[in-house]
Amino acid sequence: MEIDNFAQLLIFGSFIGLVGWTITNQVGRTQLKVKSREDWLLDGTGLTIQGILIPLLQATLVYWFYQYLLPTQQGYLKVSVVAAFLISFVVVDYLYYWNHRLLHTKLLWKVHQVHHTVTQMDVLGTSRNTLWTSLLIIYLWIHTLFLYLLADPTGYLLGVSLTSALDLWRHSSLLIPESIWLYKFLSPWLILPQDHAWHHCREIHNYNYGANLKIWDKLHGTYYESKKMPSIIGIPSSLNLLQKLLFPFS
């Protein structure tokens, strides 16, 4: 129970901290002021789904599905806390890399495109998506599976929480200056907001698919590095609000 509380606190604390930074920052306040009502609705709906509905779905229907499918395997996987963390933070990160690339293919791009309509790096836009897009993202299924299989899910849950907190951060405009030691330490291996901004660039958004680690993009030739921020973020869309929320096809 303590680790559950810590995990929730890490994610919630990261969100509140980033929102607070946005409000107190001149650039952040400007971004909030120019956000349209439609964008506020899209972002608020996305955060509600990701923060409330998806965890509820994982704890009920998806968990019950694995109980039905694998009735004798609950708690069957016995690994150390460190190994469980690495499965979550590294192995699942690699699976997500390919999941994300699949969402950028012709087959699935239309159900992912709404996420790329954000026009500024803004923590509130982290979960902007069509309402049912989360069903196509492996986190819903793979996290529940491992939490079901692991005898001690502590390390895995820590990895999930850290990934979620980093996801909020890399969608924000809170950049680490290149001149400080923290940037020099993190930049070689961790996807930073600077890197993810280029994924949302209008011209070259088929790069930097990774969530946590840069190694996957570097390994598969999809890494784009630049010391400058992109000039234009987000793609134009002719979809109306209802289409963006429910049926993103035109």
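Our subject is the structure listed above.
The paragraphs below set out a description of the structure included in this document. (Residues numbered from 1 in each chain as written. Predicted model: local features only at pLDDT ≥ 70, side-chain atom pairs only at ≥ 80, totals over all residues. Heavy atoms only, no water.)

## A closer look at the overall build of the protein chain
Within the protein chain, the secondary structure is distributed over 11 helices and 0 strands. Counting helices and strands in the order they occur from the N terminus, the protein chain gives α-α-α-α-α-α-α-α-α-α-α. Scaling as 2.2 N^0.38, a compact globule of 250 residues should have a C-alpha radius of gyration of about 18 Å, and the protein chain matches this with 18 Å. Expressed as lengths along the three principal axes of its C-alpha atoms, the size of the protein chain is roughly 55 × 45 × 35 Å. Residues counted as buried form 46% of the 250 residues belonging to the protein chain. The long-range fraction of contacts in the protein chain, counting pairs at least 24 apart against all pairs at least 6 apart in sequence, stands at 72%. Carbon and sulfur atoms form 68% of the exposed surface of the protein chain, whose accessible area is close to 13100 Å². In the protein chain, the 17 positive side-chain charges and the 14 negative ones have mean positions that sit 8 Å from each other. (Helix = DSSP H or I, 4+ residues; strand = E, 2+ residues; numbered from the N terminus. Rg over C-alpha atoms; globule rule 2.2 N^0.38 Å. Buried < 20%, exposed > 50% of the residue type's maximum accessible area, 1.4 Å probe, protein only. Contact = heavy atoms within 4.5 Å. Areas by Shrake-Rupley, 256 points an atom, 1.4 Å probe, with all protein chains shown as cover. Lys, Arg positive; Asp, Glu negative; His and termini not counted. Charge placed at Lys NZ, Arg CZ, Asp CG, Glu CD.)

## Overview of the pattern of salt bridges
Oppositely charged side chains can pair when the atoms bearing their charge come close. All told, the structure shown has 7 salt bridges when counted by the stated rule. Asp-167 is the salt-bridge partner of Arg-170, the closest N and O atoms lying 2.8 Å from each other. Taken together, the residues span about one helical turn, with Arg-170 and Asp-167 both in helix α7 (residues 154-170) at a distance of 3 residues. Of the residues examined, Arg-170 reaches a relative accessible area of 3% and is grouped as buried. (Salt bridge = Lys/Arg side-chain N within 4 Å of Asp/Glu carboxyl O.)

## Description of the side chain of His-199
Tracing the chain through its elements places His-199 in helix α9 (residues 193-199). In terms of polar contacts, His-199 uses its side chain to reach the side chain of His-100, at 3.0 Å. Leave out the neighbours within four places in its chain, and His-199 touches His-100, His-104, His-116, His-205, Tyr-207, Asn-208 and Tyr-209. (Polar contact = N/O pair within 3.5 Å; in protein donor to acceptor, adjacent residues only side chain to side chain.)

## Looking at helix α3 (residues 37-69)
When the local axis directions of α3 are compared, the greatest deviation, roughly 40°, occurs at Gln-58. Within the sequence span of α3, burial applies to Asp-39, Leu-42, Asp-43, Gly-46, Ile-49, Ile-54, Gln-58, Val-62 and Tyr-66. Buried residues belonging to α3 abut α6 (138-149) and α11 (241-245). (Bend = angle between axes of the 7 residues up to and from the residue.)

## Structural notes on the packing of aromatic side chains
For any two aromatic rings, the description comes down to two numbers: the centre-to-centre distance and the angle of the planes. Taken as a whole and assessed by the stated rule, the structure comprises 13 aromatic pairs. With 5.3 Å between their ring centres and 85° between their planes, Tyr-97 and Trp-98 make a pair best called edge-to-face. On the accessibility criterion, Tyr-97 (0% relative accessible area) is buried. Under the relative-accessibility criterion, Trp-98 is labelled partly exposed at 37%. Ring centres of Tyr-207 and Tyr-224 lie 5.8 Å apart, and the angle between their planes is 50°; on these two criteria the pair is classed as tilted. Taken as a pair, Tyr-207 in the loop between α9 and α10 (215-220) and Tyr-224 in the loop between α10 and α11 lie far apart in primary sequence, 17 residues in all. Relative accessible area serves as the criterion here: at 29%, Tyr-224 is assigned to the partly exposed category. Among the aromatic residues, ring-to-ring pairing joins Tyr-94, Tyr-97, Trp-98, Tyr-209 and Trp-216 into one connected group. Lying over the aromatic face of Trp-40, Lys-35 brings its terminal NZ or CZ to 5.5 Å of the ring centre. (Phe/Tyr/Trp six-rings, centres within 6.5 Å; stacked < 30°, edge-to-face > 60°. Lys NZ or Arg CZ within 6 Å of the ring centre and 35° of its normal.)

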